[in-house]
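If you want the building blocks of each chain, they are given just below.
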Amino acid sequence: PVGPASSDPHGLGRRTPPSTTVAAGDGTLPSPAALNLAGRTAIVTGASRGIGAGIATSLATAGASVALLARDRDAGEAVADRIGGPTAVVHVDVTDEASIARAVDRVRALLGPVHLLVNNAALTPSRQRQEQPGERPANTATDIPLDLWRRYLEVNVTGVLLMSRQVLPLMR
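Residues numbered from 1 in each chain as written. Predicted model: local features only at pLDDT ≥ 70, side-chain atom pairs only at ≥ 80, totals over all residues. Heavy atoms only, no water.

**Q** Teacher, can you tell me more about the pattern of salt bridges here?
**A** Pairs can form between side chains of opposite charge once their charged atoms are near each other. Under the defined criterion, the tally for this structure stands at one salt bridge. Of the charged contacts in the structure, one is a salt bridge between D72 and R49, with a shortest N-O distance of 3.2 Å. Of this pair, D72 sits in the loop between β4 (65–70) and α2 (73–83) while R49 sits in the loop between β3 (41–45) and α1 (50–61), and the two are 23 residues apart along the sequence. Residue D72 is classed as partly exposed on the basis of its relative accessible area of 28%. What makes R49 partly exposed here is its relative accessible area of 35%. (Salt bridge = Lys/Arg side-chain N within 4 Å of Asp/Glu carboxyl O. Helix = DSSP H or I, 4+ residues; strand = E, 2+ residues; numbered from the N terminus. Buried < 20%, exposed > 50% of the residue type's maximum accessible area, 1.4 Å probe, protein only.)

**Q** Explanation requested: the nonpolar core in the structure shown.
**A** The nonpolar side chains of a soluble globular protein tend to be buried with one another. Counting 23 residues, the largest nonpolar core has I43, L69, V107, M163 and V167 as the members making the most contacts within it. Elements that contribute at least two residues to this core include exactly β4, β5 (87–91), α3 (97–111) and α5 (146–167). With 16 residues, the next largest nonpolar core counts A47, A60, A80 and V89 among its residues. (Core = buried A, V, L, I, M, F, W, Y, C linked by side-chain atoms within 4.5 Å.)

**Q** Would you mind going over the side chain of T41 with me for this structure?
**A** Relative to the assigned elements, T41 resides in strand β3. A distance of 3.3 Å separates a polar side-chain atom of T41 from the backbone oxygen of P113. When sequence neighbours within four positions are dropped, the list of residues in contact with T41 reads S65, V107, L111, G112, P113, V114, H115 and L116. (Polar contact = N/O pair within 3.5 Å; in protein donor to acceptor, adjacent residues only side chain to side chain. Contact = heavy atoms within 4.5 Å.)

And the structure:
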């Protein structure tokens, strides 16, 4: 069966069976249950909460062994407990090449070769500091402290590069 035309809100001509899709963007992503990632190992950075935890859960549902890389090991363990199945929680600082190398070596030792990398670790203004009542959030170009801006870039951009440099050669 083919989904209704309304499943293609952008007019791209794609139609997907409703039983194998999830509501995401244009609705064309396969649901985790429709994927078969058995025998695959995935690394998910920032997997201890939020979107990263959701991605790790979806990959595990699809049959992947999942390495949850996070700064907060306890929160990562809680996610791994909810996921069940083959998981590993590994501490990492995505801004530190040595930390990344140790983490990836640990993942390979625990779960085997790496097949998937999800660079999800990120900092957001709301998680960096608590504003005082009545204070404007410091998340605009005119308000954000330069040291905080540099930290965002280090984690959100450089961290992606460093993780990719370490993992992608292993996936060739």
